[in-house]
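Understanding the architecture of this molecule
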Number of protein chains: 2
Amino acid sequence: MRKSKDLPARPRRAPEIMPEALGTVEGNVRAVDRALALLDAFREEDGPLPLADLARRSGLHLTTALRLLGTLESHGFVTRLPAGGYVLGATLLLLGERFRRSLRLDDHVRPALERLRGESGESATFFVRDGDRRRCLFRLESPHPVRDFARVGEMQPLGIGGHGRALLALDPPPGERPRLPIISRGERLQDVAAIAAPVLGAEGVVAGSIGLTLPLYRFDAAAERLCTTLVMQEALAVTAALGGDPAPIAALA
Amino acid sequence: MRKSKDLPARPRRAPEIMPEALGTVEGNVRAVDRALALLDAFREEDGPLPLADLARRSGLHLTTALRLLGTLESHGFVTRLPAGGYVLGATLLLLGERFRRSLRLDDHVRPALERLRGESGESATFFVRDGDRRRCLFRLESPHPVRDFARVGEMQPLGIGGHGRALLALDPPPGERPRLPIISRGERLQDVAAIAAPVLGAEGVVAGSIGLTLPLYRFDAAAERLCTTLVMQEALAVTAALGGDPAPIAALA
DNA sequence: GCGGGTCTTTCCGCAGCATGGAAGTGTGTT
DNA sequence: AACACACTTCCATGCTGCGGAAAGACCCGC
């Protein structure tokens, strides 16, 4: 028995992946794929979307979109307005919070961000690595009328920008030795400065990156001194709170 | 043609709804229903869940759960940990924020909550009506070590508790005339006080309810005076900011 | 080491389900 | 009125998701 062992190694799945007219990935349940595509069709700023728009955006037949939306609605993933049109549903808020909570960062990160913003008056943000990018997990807006923009949940590139470099700072390319906190001036976004430092978790891996962002014109020598101090202080504090070892961070200060 | 018109009116769908062993609602796409049930299977505090647990909780066959989770994963709705087990995925955070943003309340409600908490030192919360219940949309935690609990996204009953009554205060039962803000002492939760007032949107309908909650033992006469003032002030301010008419609220002060 | 347990994954034939065309209803516009 | 458009219902078809079976992976305790 265990004949499969004797057979020559064979690809796990049919290798002839056809060119795929639609975005349906091999091995996925089509109906679910399409339903999730409908959720993705809600882009940033649009209000209620009519059925026809949603069907068009997701490339689905009207009938199909209607049926899927009905199912999504019965679970609270979308809401159908009496006036007509669909919006995202409240269940997403619940699950989104549940996701964030499952990372167990709220308790320590949120207060740290509040201290940062409180003492600097600038926007405070926390990113985590997500694959080969980074994702904004927490964000407190500066009270200033002029400020940069970023949204919770958003993805940004790794390796560039204050947080983008901070997340990699503890595994630098050979020969380099970054200084913490990372200071970026107009690096990813023009006219925006960022001061960021990595945070270590209990397992010794980088848990995320904490920092401040502000318009470049406000980032004078005094602001730099203040932000540098504050960010390092909180990076060390959060690391300690998470049970991590502050030494690798302090070593690069 | 159109023979159906000549037939006697018949129920739109087969009326013999079978007892439904599973929770699959009539007229829904089964595969999607099940996939969403899997997401719901992630309850509050549990860490990574193995496939078998998820299948059990949602009443699905192992094979089915595996397939659906694969699809969910490819859209970032769940993440499979290298160590084994599934957790909710980051896409939910994005969509959850997008949902909240679609209500267009952030800009005015969040700063108001910050002022409330700043001046009172207690937890500030904003609820909206959701069907015949209410849902916590925003929440800022008090810095006090002793405080009540509530989570963003959570549902609570209408008609009871400070916010539960505030949401109904402008459509009172005949003969009653509630006073604003609503003050609740240990009404829904023992030992918790709540001070809440409704907020009106541009259409003249109740947009939500804003208020403070604190442990009852801290709610003395001085605290009551302060909280009452603050909550009314912010309820009026947010109403004005949303383009609503403050008069109905002020009239009940 | 062996054997029993649980969890995970692949494979595959069948049935039932999701699919999309067609036609119906309804609302607003010319 | 006639049209255009958005939404909804109905239904036959054939494809797709289903779950049984079995193999693999890994953990135990003996």
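Reading the values: the criteria
- Residues numbered from 1 in each chain as written.
- Chains lettered and ligands numbered in written order.
- Predicted model: local features only at pLDDT ≥ 70, side-chain atom pairs only at ≥ 80, totals over all residues.
- Heavy atoms only, no water.
- Helix = DSSP H or I, 4+ residues; strand = E, 2+ residues; numbered from the N terminus.
- Buried < 20%, exposed > 50% of the residue type's maximum accessible area, 1.4 Å probe, protein only.
- Contact = heavy atoms within 4.5 Å.
- Areas by Shrake-Rupley, 256 points an atom, 1.4 Å probe, with all protein chains shown as cover.
- pLDDT = per-residue confidence, 0-100.
- Phe/Tyr/Trp six-rings, centres within 6.5 Å; stacked < 30°, edge-to-face > 60°.
- Lys NZ or Arg CZ within 6 Å of the ring centre and 35° of its normal.
- Buried area = accessible area lost by both parts, 1.4 Å probe.
- Salt bridge = Lys/Arg side-chain N within 4 Å of Asp/Glu carboxyl O.
- Polar contact = N/O pair within 3.5 Å; in protein donor to acceptor, adjacent residues only side chain to side chain.
- Nonpolar A, V, L, I, M, F, W, Y, C, P; charged D, E, K, R; others polar.
- Pairing = 2+ DSSP bridges.
- Axes fitted to C-alpha atoms, helices over the stretch in contact; angles between N-to-C directions.
- Expected span 1.5 Å × (residues − 1).

1. Considering the overall build of chain A
- Helix and strand counts for chain A stand at nine helices and eight strands.
- Counting all 253 residues of chain A, 45% fall into the buried class.
- For chain A, the proportion of contacts with a sequence separation of at least 24, taken over those separated by at least 6, is 52%.
- Total accessible area computed for chain A in this model is approximately 12,700 Å², and 55% of it derives from carbon and sulfur atoms.

2. Details of the confidence of the model for chain A
- Summary statistics for chain A give a mean pLDDT of 86 and a share of 90% for residues scoring 70 or more.
- Note on residues 1-23 of chain A: pLDDT under 50 across the span, and five contacts to partners over four residues away in sequence or across chains.

3. Here's the deal with the packing of aromatic side chains
- Taken as a whole and judged by the stated rule, the model has two aromatic pairs over all chains.
- The ring of Phe149 of chain A has Arg147 of chain A lying over it, and the distance from NZ or CZ to the ring centre is 5.7 Å.
- One cation-aromatic arrangement involves Arg134 of chain B over Phe127 of chain B; the distance from NZ or CZ to the ring centre is 4.8 Å.

4. Details of the interface of chain A and chain B
- The interface of chain A with chain B comprises 49 residues on the first partner and 49 residues on the second.
- When chain A packs against chain B, close to 4,400 Å² is buried across both sides, 62% of that on carbon and sulfur atoms.
- Taking the shortest distance from any N to any O, the salt bridge between Arg117 of chain B and Glu114 of chain A comes out at 3.2 Å.
- Where chain A meets chain B, there are ten residue pairs in polar contact (both at pLDDT 80 or more).
- Those elements that provide at least two residues to the side of chain A that touches chain B are helix 2 (30-40), helix 4 (62-74), helix 5 (91-102), helix 6 (106-120) and strand 4 (133-140) of chain A.
- In terms of residue count, helix 5 of chain A provides more of the side of chain A that touches chain B than any other element does, eleven residues in total.
- Grouping the amino acids of the side of chain A that touches chain B by side-chain chemistry returns 21 nonpolar, ten polar and 18 charged.

5. Section: the sheet that holds strand 4 of chain A
All names here are of chain A.
- In space, the six strands of this open sheet follow the order 5-4-3-8-7-6, with antiparallel pairing throughout. Only two strands of the sheet have a single partner each, and these edge strands are strand 5 (155-157) and strand 6 (182-185). Within this sheet the neighbouring strands show an average axis-to-axis angle of 30 degrees, counted without direction.
- Along the sheet, helix 8 (residues 221-241) makes contact with strand 6, strand 7 (192-200) and strand 8 (206-215), crossing strand 7 at roughly 25 degrees.

6. Some remarks on helix 5 (residues 91-102) of chain B
Residue and element names in this part refer to chain B.
- Here helix 5 is twelve residues long and its end C-alpha atoms lie 16 Å apart, about the 16 Å a rise of 1.5 Å per residue gives.
- Within helix 5, nine of the twelve residues are buried, which leaves the element mostly enclosed by the surrounding structure.
- Taken together, the buried positions of helix 5 are Thr91, Leu92, Leu93, Leu95, Gly96, Glu97, Arg98, Phe99 and Arg100.
- Following helix 5 by one or two positions, Arg104 adopts a phi angle in the positive range, close to 55 degrees.

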